[in-house]
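# Report on the structure
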Amino acid sequence: MDAQAHSRHATGLSVVDGVAVLVGVVVGVGIFGFPPLVAQHADSSATYIVLWLAGGVLMLIGALCYAELGASFPDEGGEYHYLCQAWGSRLGLMFAWARGTVIQTGAIAAVAFIYGDYAQRLMPLGDYGNALHAAFSVVLLTTLNVLGTDQSKRIQVVLSGLTILTLTTVTLAGLLSPDQAKADLAVEPSDGGIGMLGMGMVFVLLTYGGWNETAYLSGELRDPGRNMSRVLLIGTLVVTALYLLTNVALLQVFGLQALRQSDAVGADLMEVVVGNWAALGLSLLICFTALSTINATILTGARVYYALGRDVPQLRLLGAWNERGSTPVRALLVQAAITLLLILFGTLSQSGVQAMVAYTAPVFWFFMCMTALALMRLRNLQPQVHRPFRVPLYPLLPLIFASSCLGLFVSSTLYAGPGALLGLAVLAFGLPLLLMRRTAPASETLER
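The structure presented is a predicted model; accordingly, all values stated were derived computationally and were not measured.

### Some thoughts on helix α18 (residues 418-429)
Given a rise of 1.5 Å per residue, 12 residues ought to cover 16 Å, and the 17 Å separating the end C-alpha atoms of α18 matches this to within 8%. Listed in full, the buried residues belonging to α18 are Gly419, Ala420, Gly423, Val426 and Leu427. One face of α18 carries all of its buried residues, which in axial projection span an arc of 125°. Facing away from the buried surface of α18 by more than 90 degrees, the exposed residues are Pro418, Leu421 and Phe429. Check the buried side of α18 and you find it contacts α6 (89-122), α15 (329-347), α16 (352-381) and α17 (396-415).

### A few points about the packing of aromatic side chains
Following the criterion strictly, the structure yields 9 aromatic pairs and no others. For the pair phenylalanine 34 and phenylalanine 203, a centre-to-centre distance of 6.2 Å together with 35° between the ring planes defines the contact as tilted. Here phenylalanine 34, found in the loop between α2 (15-26) and α3 (35-39), pairs with phenylalanine 203, found in helix α10 (residues 194-207); they are 169 residues apart in sequence, far enough to count as distant. Judged on exposure class, the residue phenylalanine 34 and its partner phenylalanine 203 are both buried. By the ring-pair criterion, three or more aromatic residues cluster together here, those being Tyr48, Trp52, Tyr208 and Tyr243. Directly above the aromatic system of tyrosine 394 lies the positively charged group of arginine 379, at a separation of 3.8 Å from the ring centroid.

### Details of helix α5 (residues 79-87)
In terms of burial, α5 is largely enclosed, as 7 of its 9 residues are buried. Positive phi shows up at glycine 88, right after α5, with a value of about 105°.

### Things to note about the nonpolar core
Grouped together as the largest cluster of nonpolar side chains are 126 residues, with contacts concentrated most on Tyr48, Trp211, Tyr243, Phe367 and Phe401. It is α6 that provides the largest number of residues to this core, a total of 19 residues. Setting aside anything within four residues of it in sequence, one finds phenylalanine 401 in contact with Leu58, Ile61, Gly62, Cys65, Tyr66, Trp211, Met368 and Ala372.

### Comments concerning the environment of valine 353
Looking at the element boundaries, valine 353 is found in helix α16. Given the relative accessible area of 7%, valine 353 is considered buried. Not counting residues within four places of it along the chain, the set of residues in contact with valine 353 comprises Phe34, Leu37, Ala110, Phe113, Ile114 and Asp117.

### Details of the packing of α15 against α16
Across the interface, α15 lies against α16 with an axial gap of 8 Å and an inter-helix angle of 120°. The angle between α15 and α16 falls in the class oblique. Judged by the sense of rotation from one axis to the other, the crossing of α15 with α16 is right-handed. Here Leu342, Phe345 and Gly346 of α15 come into contact with α16, specifically with Gly352, Ala355, Met356 and Tyr359. Of the residues belonging to the contact of α15 with α16, the class tally is 5 nonpolar, 2 polar and no charged.

### A short note on the pattern of salt bridges
For the structure shown, the criterion picks out 2 salt bridges. Of the charged contacts in the structure, one is a salt bridge between arginine 379 and glutamate 68, with a shortest N-O distance of 2.8 Å. Pair noted here: arginine 379 is in helix α16 and glutamate 68 is in helix α4 (residues 45-72), with a separation of 311 residues, a long-range link. Pair check on accessibility: arginine 379 and glutamate 68 agree, each one buried. Close ionic contact of glutamate 68 with arginine 387 constitutes a salt bridge, the shortest N to O distance being 3.6 Å.

Calculation rules
Residues numbered from 1 in each chain as written. Predicted model: local features only at pLDDT ≥ 70, side-chain atom pairs only at ≥ 80, totals over all residues. Heavy atoms only, no water. Helix = DSSP H or I, 4+ residues; strand = E, 2+ residues; numbered from the N terminus. Expected span 1.5 Å × (residues − 1). Buried < 20%, exposed > 50% of the residue type's maximum accessible area, 1.4 Å probe, protein only. Arc of directions from axis to C-beta. Contact = heavy atoms within 4.5 Å. Phe/Tyr/Trp six-rings, centres within 6.5 Å; stacked < 30°, edge-to-face > 60°. Lys NZ or Arg CZ within 6 Å of the ring centre and 35° of its normal. Core = buried A, V, L, I, M, F, W, Y, C linked by side-chain atoms within 4.5 Å. Axes fitted to C-alpha atoms, helices over the stretch in contact; angles between N-to-C directions. Parallel < 35°, antiparallel > 145°, perpendicular 65-115°, else oblique. Left-handed = near helix turned anticlockwise from the far one by under 90°. Nonpolar A, V, L, I, M, F, W, Y, C, P; charged D, E, K, R; others polar. Salt bridge = Lys/Arg side-chain N within 4 Å of Asp/Glu carboxyl O.

Listed below in structure tokens is the structure:
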């Protein structure tokens, strides 16, 4: 290791710093929106808890795989760069299209619906109030990002600090409460087949979402070869423990059947345990947490449109960068337009959140599988590359992760409903881009 690299690692993130970053990225608003959807795909309380535990294990394995990729091939393009390196620019370009039209926009819309469910309790707007609140949040935060990155970052700092506080409040309220009458409701039969359990795992892993960002910790961590595994193991244990405690609390207050029926689980818990005033207060906190997640996703999501504009001449308008605000204005507006269309689609469905998960899940897990396989392919294609961190138990763990992603792709395609087919159709609409792409290396498209 050269002197510059040694100096960087000596002054970089410690293990404690890395764990704090990991926990802060992973723990988000999903824990206030997805537990009822997980409960709908579990046939018992024990199965429900096992799904959350299995999600933590799979999070750790996936994070280990991403950590090797990030340490060996550092690039701000993330998966886009790894896929291009392993499989060529064609698959990388399809990922960029999928991320811009399905994955990222679907994620924004899903969290916007969670925000809408809680905001509707604070300010009812009629039968479609949750969708109106969702659309308003997207418009407001996109406008904020259009004004400039600095303004967006400032509000992000304020909003992010509320997440752990909110989760801790809900968990303690549930764990310290006496047994509630709702917990005695009879559990209706649920199809516990592998496919339905797979869909339950899709919702669990969405709640654990963000662990793939750990790939970028490797470049800042002191002695990543030794400390990366420590950060991932400790961070995963902390997140898994938080989520398990939260879900035990939810089961104690509601029971499995009542949990399935909740549309704003955090507020419902506080209303049962403390009273209506506490439910309203927690709804406000969760709204801020959701806005934090939406804002962060909007901030990072528009960059992929910029990449498409750089790679595809016919889409070059998307590649414009506003130097004054240090932000891709056109990309942000396109992202907002697609997200608003998805909110309209979700409004016409029985559950907006569930419709957005169905829309994104098959495409997301397909590319996650290809990224896991990219790790193995790059070991063969580029064995000379220095790898400061290597996945332990190779190739077993990458194979387990790739197989799990493939299984989740199949489950979400077969059981998620028409939204899944729509997401795959939108992915197919991007195939003509392969005929229009630039000849420049894909790795050069995310310079900013």
